[in-house]
Amino acid sequence: MEPREFPNLTVLSHPLVDDKLGRLRDAATSHKEFRELCTELATLLAYPATADLETRETRVATPVDWAAAKSLVSVPLLVPILRAGLGLVPGFHALMPQAQVAHVGMYRDPDSLQAVAYYANLPDDLRGRRAFVLDPMLATGGSAVATIDLLIDRGARATDIVVITLIAAPEGCGVVAEAHPDVKVFTCALDRHLNAHGYIVPGLGDAGDRLFGRGAGRKPETHGRKPEAQGGRAT
Ligand code: PRP
Ligand code: URA
């Protein structure tokens, strides 16, 4: 389904997605089940989100005869946004084990809600690469836009970038659509709105904490220094 106000957004509508999403949202769901549900939902999202990958004609020898076949032309790149994006990698790898993974670290400043980049380990040249930006939550859209900007800086085309998210807020969808109208976004749900703390309502809470527990600090450090002491941007 494509909500009319966001032509670049696809909201998956499927009984299995709805069932899993309900369990994902449930505050009583354990970390273990939460991680499993993220994996399963990521696989379900990967299916439509990869429908236009380019293939080339090939042929294989079956035990009986030659058969026409198709194989993917290029190796897709997965770009999970640390931390919570890591929860979507296994579900994508289930369908595309050959996909390469490049990591981007972003945290949201709790006061300004601005995305702060603290880590980026990407291929130098992304020309012609299909890149899937993985992050379970699209809230203000700041983390997604900052990540898309990093990919475009390295030569990726907006039409080759796809954002994969489990729950999206209208505010974030608007921000991504305005900054990068050619970037497609796939989600399992378009929720109501953001609250005063920038959390998606009804959402599922803090995706990183629900995946990994409250083991991380609110502001990641790089080389023992807070990112803002380095100018706030990672290179
Ligand atoms: C969360 C989430 C997204 C971001 C979304 O990350 O995983 O990356 O917020 O918010 P936005 O659309 O307003 O930018 P968080 O900063 O909590 O970091 P974490 O994944 O390390 O917990
Ligand atoms: N990040 C989260 O983890 N959850 C939200 O609701 C918004 C941003």
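All of these numbers come straight from a predicted model, not from anything done at the bench. (Residues numbered from 1 in each chain as written. Chains lettered and ligands numbered in written order. Predicted model: local features only at pLDDT ≥ 70, side-chain atom pairs only at ≥ 80, totals over all residues.)

1. Let's talk about the overall build of the protein chain
Phase 1: For the protein chain, the helix and strand inventory stands at six helices and 15 strands.
Phase 2: Each principal axis of the C-alpha distribution contributes one length, and for the protein chain these read about 65 × 40 × 35 Å.
Phase 3: Per-residue burial for the protein chain yields a buried fraction of 37% across its 235 residues.
Phase 4: Here the contacts in the protein chain between residues at least 6 apart in sequence split such that 63% fall between residues at least 24 apart. (Helix = DSSP H or I, 4+ residues; strand = E, 2+ residues; numbered from the N terminus. Buried ≥ 20, exposed ≤ 12 C-beta atoms within 10 Å, placed from the backbone. Contact = placed C-beta atoms within 7 Å.)

2. What about the confidence of the model for the protein chain?
Phase 1: Per-residue confidence for the protein chain averages 93 on the pLDDT scale, and 93% of its residues sit at or above 70.
Phase 2: Within the model, pLDDT remains below 50 along residues 229–235, and this stretch shows 13 contacts once partners closer than five positions in the same chain are excluded. (pLDDT = per-residue confidence, 0-100.)

3. Some thoughts on the nonpolar core
Phase 1: Counting 62 residues, the largest nonpolar core has Leu-41, Leu-45, Phe-132, Val-133, Leu-134 and Ile-164 as the members making the most contacts within it.
Phase 2: In terms of residues, this core owes the most to one element, helix H2 (residues 31–49), which gives nine residues.
Phase 3: In contact with Phe-132, other than residues within four places in its own chain, are Ala-49, Pro-76, Leu-78, Val-79, Phe-92, Val-162 and Ile-164. (Core = buried A, V, L, I, M, F, W, Y, C linked by C-beta atoms within 7 Å.)

4. Points about the site of ligand 2
Phase 1: Taken together, Ala-84, Met-137, Ala-139, Gly-198, Tyr-199, Ile-200, Gly-203, Asp-206, Ala-207 and Gly-208 make up the full set of residues near ligand 2.
Phase 2: Across the shell around ligand 2, the residue classes tally to six nonpolar, three polar and one charged. (Near = placed C-beta within 6 Å. Nonpolar A, V, L, I, M, F, W, Y, C, P; charged D, E, K, R; others polar.)

5. Notes on unusual backbone geometry
Residues other than glycine predominantly adopt negative phi, and peptide bonds predominantly adopt the trans conformation.
Phase 1: Look at the link from Leu-82 to Arg-83: it is a cis peptide, with omega at -5°.
Phase 2: Among the structural elements, Arg-83 can be located in the loop between strand E4 (77–82) and helix H3 (89–95).
Phase 3: The peptide bond linking Val-201 to Pro-202 adopts the cis configuration, its omega dihedral lying at 0°.
Phase 4: Among the secondary structure elements, Pro-202 is positioned in the loop between strand E15 (200–201) and helix H6 (207–212).

6. Remarks on the site of ligand 1
Phase 1: Lining the immediate surroundings of ligand 1 are 24 residues, of which Ala-84, Ala-139, Thr-140, Ser-143 and Gly-208 lie closest.
Phase 2: Considering only residue class, the shell around ligand 1 consists of 13 nonpolar, seven polar and four charged.

7. Details of the sheet that holds strand E9 (residues 137–138)
Strand-to-strand pairing in sheets goes through backbone hydrogen bonds, with the strands running parallel or antiparallel.
Phase 1: Within the open sheet, the three strands sit side by side as E9-E11-E13. Their pairing is parallel. A single partner strand is all that each edge strand has here, and the edge strands are E9 and strand E13 (189–190).
Phase 2: Direction of pairing for strand E11 (residues 167–168) relative to E13: parallel, over a ladder of two bridges. Residue pairing across strands places Ala-168 opposite Leu-190, the latter belonging to E13. (Pairing = 2+ DSSP bridges.)

8. Some details on the environment of His-31
Phase 1: Position of His-31 among the secondary structure elements: in helix H2.
Phase 2: Measuring from C-alpha to C-alpha, the distance between His-31 and Leu-211 comes to 5.6 Å, with 180 residues separating the pair along the chain.
Phase 3: Once residues within four sequence positions are removed from consideration, His-31 is found in contact with Arg-210, Leu-211 and Gly-213.

9. Some thoughts on the packing of helix H1 (residues 15–25) against H2
Phase 1: Between H1 and H2, whose axes approach to 10 Å, the crossing angle comes to 150°. Between H1 and H2, the angle falls in the class roughly antiparallel. For the pair H1 and H2, the sense of crossing is left-handed. The residues of H2 that touch H1, namely those facing Leu-16, Val-17, Lys-20, Leu-21, Arg-23 and Leu-24, are Glu-33, Phe-34, Leu-37, Glu-40, Leu-41 and Leu-44.
Phase 2: Within the contact of H1 with H2, the residues separate by chemical class into eight nonpolar, no polar and four charged. (Axes fitted to C-alpha atoms, helices over the stretch in contact; angles between N-to-C directions. Parallel < 35°, antiparallel > 145°, perpendicular 65-115°, else oblique. Left-handed = near helix turned anticlockwise from the far one by under 90°.)

10. Remarks on the environment of Arg-192
Phase 1: Examined against the element boundaries, Arg-192 turns out to sit in the loop between E13 and strand E14 (193–194).
Phase 2: For Arg-192, the residues in contact, after removing those within four places along its chain, are Val-201 and Pro-202.

11. Side note on H1
Phase 1: Regarding H1, the residues found buried are Lys-20, Leu-21 and Leu-24. Taken around the axis of H1, the buried residues stretch over an arc of 105°, which confines them to a single face. Turned more than 90 degrees from where H1 packs its buried face, Pro-15, Asp-18, Asp-19 and Gly-22 sit exposed.
Phase 2: The secondary structure elements touched by the buried residues of H1 are H2 and E13. (Arc of directions from axis to C-beta.)

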